[in-house]
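Summary of structural features
For reference, the chains in residue letters:
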Amino acid sequence: MTSSAARKLHDCRGYNRGGAVYGDLAYSLERELPRQQVRERRADKAMPKPLARPKVRAVSQVQVRARQRVSPVAVLGTMCVIAMMVLVLMSYIQLMMISSSVVNLQGQLEDLEVENVSLMAEYEQMYDLASIKETAEAAGMSKPSSSQIYYLDLSEDDNAVVYQQETPSVLSQLLNSLSHGIYTVVEYFD
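Because the structure is predicted, anything quoted here is derived from the model rather than measured. (Residues numbered from 1 in each chain as written. Predicted model: local features only at pLDDT ≥ 70, side-chain atom pairs only at ≥ 80, totals over all residues. Heavy atoms only, no water.)

Focus on the overall build of the chain
This is how the line gets drawn: Every helix listed is a DSSP run of H or I at least four residues long, and every strand listed is a run of E at least two residues long, numbered separately from the N terminus. Here's how the labels work: a residue is buried when its accessible area is under 20% of the maximum for its type, exposed when over 50%, partly exposed in between, all with a 1.4 Å probe on protein chains only. Each accessible area is a Shrake-Rupley estimate made with a 1.4 Å probe; only the visible protein chains count as cover when residues are assessed.
Across its full length, the chain carries five helices and zero strands. Reading the secondary structure of the chain in the N-to-C direction produces α-α-α-α-α. Counting every position in the chain, which comprises 190 residues, the buried fraction comes to 2%. Accessible surface for the chain amounts to roughly 20300 Å². Of this, 60% is attributable to carbon and sulfur atoms.

This is the structure we're talking about:
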C-alpha cells in the first residue's frame, strides 16, 4: 500500500477531517486495535482478579531485646539538670524570704514616719520664741549696739605670705612614724 492510499483510507474512517468532533464520532481506539486484542481486553475487565492472601509469618521463638547500657553522659546530664533545679528552688526560697523582710521593713518605716511627724510637732511646741526671748533677757543678753558692730572693707586686693618649712631629716621622720604607730596601737586596744 502506498502512503497516499493509506492516507485516503485513514481519512475515510473519519479521523482526520480537520474539524471538531462531537458525540459518537469521537476517536475510538477499538478501530486501531485488531479484534482479538479488543476481545482480550473486554474479557480482562469482566473477570475479577483473585484476591491475594496475606502472608502470615510464623515466629518460632520470642525475641528479647538485649539490655542497653546507660550512658555516663546521660547520667551526668541528668545530675546537672537536677542540681540546677535545686539551685533555682533555693533562689526562689531566698527571694521569698527577702520579699517577706522587705514587707516587714516597709511596715516599720510607715510606723516610724508617723512617729516622726508626732515628735516634730512636739519639738516645735517646746520652742516658743517668746519664751526664748524672755529667758535671754533674764540672762542679760541683748541685741548688739552700733558700737559693737564692725564692718570690714574687702575692696582691696588680697595677699598672703607663705613660709616654706624646712624638710625634716630622715631620723626625725622615722621617729615621727614610730610614735604615730605606737599611738595607733594604744588607741586600738583602748
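A closer look at the packing of aromatic side chains
Selection criterion: By convention, a stacked pair of Phe, Tyr or Trp rings (six-membered ring in the case of Trp) has centres within 6.5 Å and planes under 30 degrees apart, an edge-to-face pair has planes over 60 apart, and any other such pair is tilted.
For the structure shown, the criterion picks out one aromatic pair. With a centroid separation of 5.2 Å and an interplanar angle of 75°, the aromatic rings of Y188 and F189 are classed as edge-to-face. A single burial state applies to Y188 and to F189, both of which are exposed.

Side note on a negative patch on the surface
In plain terms, the rule: Patch members must show over 30% relative accessible area and no salt bridge, and they are joined within 9 Å when carrying like charges or within 5 Å when they are nonpolar side chains of Val, Leu, Ile, Met, Phe, Trp or Tyr. Salt bridge, as used here, is a side-chain nitrogen of Lys or Arg placed within 4 Å of a carboxyl oxygen of Asp or Glu. As used throughout, the charge tally considers Lys and Arg to be positive and Asp and Glu to be negative, leaving His and the chain termini uncounted. Here the site of a charge means atom NZ of a Lys, CZ of an Arg, CG of an Asp or CD of a Glu.
Taken together, the side chains of E110, D111, E113 and E115 present a region of like negative charge at the surface. Among the secondary structure elements, E110 is positioned in helix 3 (residues 72–126). A relative accessible area of 53% means that E110 is categorised as exposed.

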